[in-house]
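# Chain and residue survey
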Amino acid sequence: MFEIDKARLVAIEECVKEGGVADFRLPDPVHPPNLTERRYGLSNLSEAARFGYEFPQSSTAPQRGEKKLGEKERKLLGSPEDPKGCIGIGTRKITGSALLATASSPTAVKIQRDTWLASAKDPRVQAKTADWSECMKSKGFTLRTPLENPKPGTLKSEERRMATSSIECSSAVKLPDVWFDVESKLQDAAISKNAAKLKAEKAELQRQVANADSVLKPTGRASSGS
């Protein structure tokens, strides 16, 4: 979660500053691309027409150079395995343990992975995928699934045409609708089966969000609406 990752970095910063490096600042984490929108292939026609298979932010985001650290900064930071270093201290402020990485819900992640893999093998999804492939062939592209990317060296104009064709074919054969329906039923069953684990992991995430809030608000670096 972005705010938790951001708060952990701010907590590490504050620790280094308290150690005597007053101007120490780490860049905020970069928002990860929204992979959910591409769970069943490309889905945003206007973005596909502009960027092809690239994520929009990757086309415009500035490249960040690695921050050069002085000897004092490196000593203060320590390593992720060092509970007395600022990395460990900052992590502990958010997660409660210097050795515990920023939280996620392992059960939810596993459900998302397992249900996607199972749904991809479902005969209804495979039939629609075959229809999609035939549609793409009619547009001049030989592809098996909408998750395939253009080959290296493909001209950008051709990549954009391939991207928009993929979305048009998916819509024409109703592949995303069928795939979503199949996977949703699998997820409902998995969620019901793992309800207790999911409830506990949600509570842990909420605890860490509250810790993140307490770190970010005094610095004025909390995102609006967080």
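Quick look at the structure, then. Only a predicted model underlies this, so the values are computations on that prediction, with no experimental measurement involved.

This part is about the packing of aromatic side chains. Both the distance between ring centres and the angle between the ring planes are used here to describe each pair of aromatic rings. Summed over all chains, the structure comprises 2 aromatic pairs. Three or more aromatic residues joined by ring pairs form one cluster here, namely Tyr40, Trp116 and Trp179. Above the ring of Phe55, the side-chain terminus of Arg38 is found at 3.9 Å from the ring centroid.

Time to look at the pattern of salt bridges. Counted by the stated rule, this structure contains 17 salt bridges. Lys139 serves as the salt-bridge partner of Glu168, at 3.3 Å between the closest nitrogen and oxygen. Of this pair, Glu168 sits in helix H8 (residues 156-173) while Lys139 sits in the loop between helix H7 (123-138) and H8, and the two are 29 residues apart along the sequence. Glu168 gets classed as partly exposed once you look at its relative accessible area, which sits at 38%. Close ionic contact of Arg161 with Glu158 constitutes a salt bridge, the shortest N to O distance being 3.3 Å. In this pair, Arg161 and Glu158 both sit in helix H8, 3 residues apart, roughly one turn of the helix. For Glu158, a relative accessible area of 31% corresponds to the partly exposed category. One continuous salt-bridge network, built from bridges that share partners, spans Glu54, Lys156 and Glu159.

Rules behind the numbers
- Residues numbered from 1 in each chain as written.
- Predicted model: local features only at pLDDT ≥ 70, side-chain atom pairs only at ≥ 80, totals over all residues.
- Heavy atoms only, no water.
- Phe/Tyr/Trp six-rings, centres within 6.5 Å; stacked < 30°, edge-to-face > 60°.
- Lys NZ or Arg CZ within 6 Å of the ring centre and 35° of its normal.
- Salt bridge = Lys/Arg side-chain N within 4 Å of Asp/Glu carboxyl O.
- Helix = DSSP H or I, 4+ residues; strand = E, 2+ residues; numbered from the N terminus.
- Buried < 20%, exposed > 50% of the residue type's maximum accessible area, 1.4 Å probe, protein only.

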